Amino acid sequence: MDTTKLYTFPDDDKDYCKGFTVPTTWLIKALKEMDLFENGGNVSLERFLDNYLWDETWFIYCLAEQSGNILSEEEIK
């Protein structure tokens, strides 16, 4: 399974951030549904990974958590 690791806000301010891993195919589908790029048309995973903000990945984290698509996660100090 191809996976992608993303980073977002930590659960606690004592940590720097939270890293989490999701299936890449699920992430691409989520990006299309979120309509972040060109009305869901030509979603570029590479462009997203190069330019995302933690606000966006926090939303993705919540979606992944609700749908059971978080494969692993860790708080980074």
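Structure report, in brief.

## A short note on the pairing of strand β2 (residues 17-23)
Counting buried positions along β2 gives seven out of seven residues, so the element sits mostly inside the fold. In this structure, strand β1 (residues 3-8) lies alongside β2, joined through six bridges in antiparallel fashion. Its bridge partner being in β2, T3 is matched across the sheet by P23. Two elements, β2 and strand β3 (residues 72-76), share five bridges in a ladder whose sense is antiparallel. The residue bridging T21 from the neighbouring strand is S72, located in β3.

## Remarks on the nonpolar core
The biggest cluster of nonpolar side chains holds 15 residues, and the ones touching the most others in it are L6, F20, W26, L27, L31 and I60. When contributions to this core are tallied by element, the ones reaching two or more residues are β2, α1 (24-34), α2 (45-51) and α3 (54-67). The leading source of residues in this core is α1, at four residues. Among all residues touching L6, those that are not within four sequence positions of it are K18, G19, F20, L27, F48, L49, Y52, T57 and I60.

Conventions used here
- Residues numbered from 1 in each chain as written.
- Predicted model: local features only at pLDDT ≥ 70, side-chain atom pairs only at ≥ 80, totals over all residues.
- Heavy atoms only, no water.
- Buried < 20%, exposed > 50% of the residue type's maximum accessible area, 1.4 Å probe, protein only.
- Helix = DSSP H or I, 4+ residues; strand = E, 2+ residues; numbered from the N terminus.
- Pairing = 2+ DSSP bridges.
- Core = buried A, V, L, I, M, F, W, Y, C linked by side-chain atoms within 4.5 Å.
- Contact = heavy atoms within 4.5 Å.

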